Amino acid sequence: MTESIQSKHFLNTPASLVLDSLRGLCAVNPQLALDAQNKIVYVASPDRTKVALLCGGGSGHEPAHAGFVGKGILSGAVCGNIFASPSASQVRRGIDLVSNDRGTIIIVKNYTGDILNFGLAKEQYAALHPDQADRVKFVIVGEDVAVGRKQGSIVGRRGLAGTVLVYKIAGALAERGGSLDAVYNISQWVASNIVTIGVGLEHCHVPGTAAAASHLATSEIEIGMGIHNESGHRRISPVPPLNDLIAELTELLTSTTDPDRSFLPFQGDGSDNVVLLVNNLGGVSELELGGIVAEVQNALKSRKIAIQRILAGSFMTSLNMPGFSITLLLLPRGNADDVTTPLVLSLLDDKAETPGWKWSPGSLPSGNPAQTTDSAVPEESPSMIKIASRDPDGFVAAITRACHALISAEPGITHMDRIAGDGDCGLTLKAGAEGVLRKVADGTVHGNDVIQAGIAIAQVAEEAMGGTSGALYSIFFSALAQGLASQSMRAGDVVAPEAWAQALSSALAKFYTYTRARAPSRTLVDPLASFVETYANNPKDIRAAVKAAASAAEATKYIAAKVGRSAYVEGDRLKEQMVADPGAWGVKVILKTSWSEYNVTFIWNVYLYEYGIRRTKASIAVLALCLRAARTTPIA
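Residues numbered from 1 in each chain as written. Predicted model: local features only at pLDDT ≥ 70, side-chain atom pairs only at ≥ 80, totals over all residues. Heavy atoms only, no water.

A. Up close: the pattern of salt bridges. A complete count under the given rule lists 18 salt bridges for this structure. Here K137 ties to D181 by a salt bridge, and the two come within 3.9 Å at their closest N and O atoms. Separated by 44 residues along the polypeptide, K137 in strand β6 (residues 136–141) and D181 in helix α5 (residues 180–191) bring together distant segments of the chain. Here E251 makes a salt bridge to R303, at a shortest N to O gap of 2.9 Å. Note that E251 is positioned in helix α6 (residues 242–254) and R303 in the loop between α7 (286–302) and β11 (305–313), a separation of 52 residues in sequence. Owing to a relative accessible area of 27%, R303 belongs among the partly exposed residues under this scheme. Sharing partners across several salt bridges, the network here consists of D47, K50 and E175. (Salt bridge = Lys/Arg side-chain N within 4 Å of Asp/Glu carboxyl O. Helix = DSSP H or I, 4+ residues; strand = E, 2+ residues; numbered from the N terminus. Buried < 20%, exposed > 50% of the residue type's maximum accessible area, 1.4 Å probe, protein only.)

This is how it looks when you write it as structure tokens:
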């Protein structure tokens, strides 16, 4: 395929685009304020006697999420970089900015990065404010029917444009003065009664990345595309007439005979009433969108489904993707958990003062400059004790080698992720590596305080990497630092192999509380778990642990994805191209380069320490021979 995706954009720089856009949004809507440092848009003068709604996620989906901040919908939105979740520290700041007397509901789409970072922020906030822990609630929205029950058995379904209906209905009830429980319950009810399917003519282009060749032939379309450039459920060629395409999409939405995709109890007997939302994914003309609305209306009528409200326009986009999605909210037939059709429709019709919410008639369808506030910089807590590596210089050298190796591996990992995910894994790991190297250069990361080193690396992962990978790495290294600090060691002690093994095992256990991935899962968990478990069995043999991790990373080429972005990509395509999981490959790169030489130095120092042997010329000569052997015998 020789055609390329439209890759020209109006911007100053790719790095400034998100913040520039938020400043423009605040200029359009003077009731908003902007925390520029944390990329948070929030209501400047909120009514703190009412429940607050906080949302967010990666940018590139405008008007979601910040475009719905304002009276009647959201209290605040926390924005990450393009297609990358904001960090937990950003979200914590967002919770502080919308704090009130009644409580806060956090609404996120079902993506691992959003759940991890917003969930981590919620737990951290609860730990800091135990008296308010029960006043922050969490709602996850996942309504994509392209991901069937079997494929999404672990990760669940993706959150798409239907999330906006949760925002609007819950936000209207909060504006009316509804209680925390009432607003939470209706949020959950809406999230449980929506279905969405998307379709695209092509993928989108992310500003700042190289122009890419077309993913689809000129005669192809893709059903079930995600909003982060993920490949879809299946491709169709040639492109069918719109009425045939809409018929297939509505079948996916309303089917009650497909056990893998029958998500809502449509009756098909004339008793079904719905709200219809037709969403422009970014690159569809208004002319085409009107035709799409008309065809969906016809298709639903033929299925004896009555439309009570129609909403159409750009609600949740994927940059410039030429595609659209259809969302149905199945209204209650009676009084379902105190939720009635008149209540839902009245909340939907309530006026909202936000730029993102599109005009609607509220009836049956026929045939200023940005205000910037400074955010508080959190104080860092130093380690209670300082414990050292047995080889401080080797410790730093190992970290430095791993960082440089990740930077060199970025193009290859990016290539893997363009096939298996959303294409950002290589750049994310590179950003983290560069951040750690800066910490090494300024002396924050050193071998005489391994606990502080772990905390510093966790902070870099959270702030420099972001997204799912950043949250996972941050959680693991934070837990590793906790594992080291919890052991019975005194200031000035050195960490023995057994202590490392115990801390690593503890870190993996804590890590598992934030992800459902378990090996084999075609994720970074595979090599990480192999390394930790093998090392824990024999702390004196790091080489065996690294070999186990490398083998686990290689094996991801043959494993069907169960979690992560790859779970949404057609499995056969991954197997045909023999693509390893990019996150797992990154772990392999780190471990192999960290320990290829350092493991020999480490084990030799352990030997000298255990047996009380002094560093004589003879012992140093033997060590030199071991190092030479390590350089010429790479870990497979």
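B. Structural view of the side chain of D144. With respect to the helices, strands and loops of the structure, D144 is situated in the loop between β6 and α4 (163–175). Within the structure, D144 has its side chain in polar contact with the side chain of R158 (distance 2.8 Å). With sequence-adjacent residues up to four places away left out, D144 is seen in contact with R157, R158, L160, T196 and I197. (Polar contact = N/O pair within 3.5 Å; in protein donor to acceptor, adjacent residues only side chain to side chain. Contact = heavy atoms within 4.5 Å.)

C. Molecular detail of the environment of A550. Tracing the backbone shows A550 in helix α15 (residues 542–555). For the pair formed by A550 and D526, sequence separation is 24 residues and the distance between their alpha carbons is 9.5 Å.

D. Just the pairing of strand β10 (residues 272–280), in detail. In terms of burial, β10 is largely enclosed, as eight of its nine residues are buried. Where β10 and β11 come together, eight bridges link them in parallel fashion. In the strand pairing of β11, N279 is matched with G313. At this point the chain moves from β10, through α7, to the parallel β11, and the crossover so formed is right-handed. Note: β10 against strand β12 (residues 323–330), seven bridges, orientation antiparallel. (Pairing = 2+ DSSP bridges. Right-handed = clockwise from strand over helix to strand, strands pointing away.)

E. Inspection of the packing of helix α9 (residues 392–420) against helix α10 (residues 425–441) at higher detail. Running from N to C, α9 and α10 cross one another at 160°; their axes reach a closest spacing of 7 Å. Regarding the angle of α9 to α10, the classification is roughly antiparallel. Pair α9 / α10 crosses with left-handed handedness. Together, V396, I399, T400, C403, H404, L406, I407, E410, I413, T414 and D417 of α9 and C425, G426, L427, L429, K430, A433, E434, V436, L437 and V440 of α10 make up the contact between the two elements. Partitioned by chemical class, the residues of the contact of α9 with α10 number 13 nonpolar, four polar and four charged. (Axes fitted to C-alpha atoms, helices over the stretch in contact; angles between N-to-C directions. Parallel < 35°, antiparallel > 145°, perpendicular 65-115°, else oblique. Left-handed = near helix turned anticlockwise from the far one by under 90°. Nonpolar A, V, L, I, M, F, W, Y, C, P; charged D, E, K, R; others polar.)

The analysis is restricted to geometry; functional conclusions fall outside its scope.
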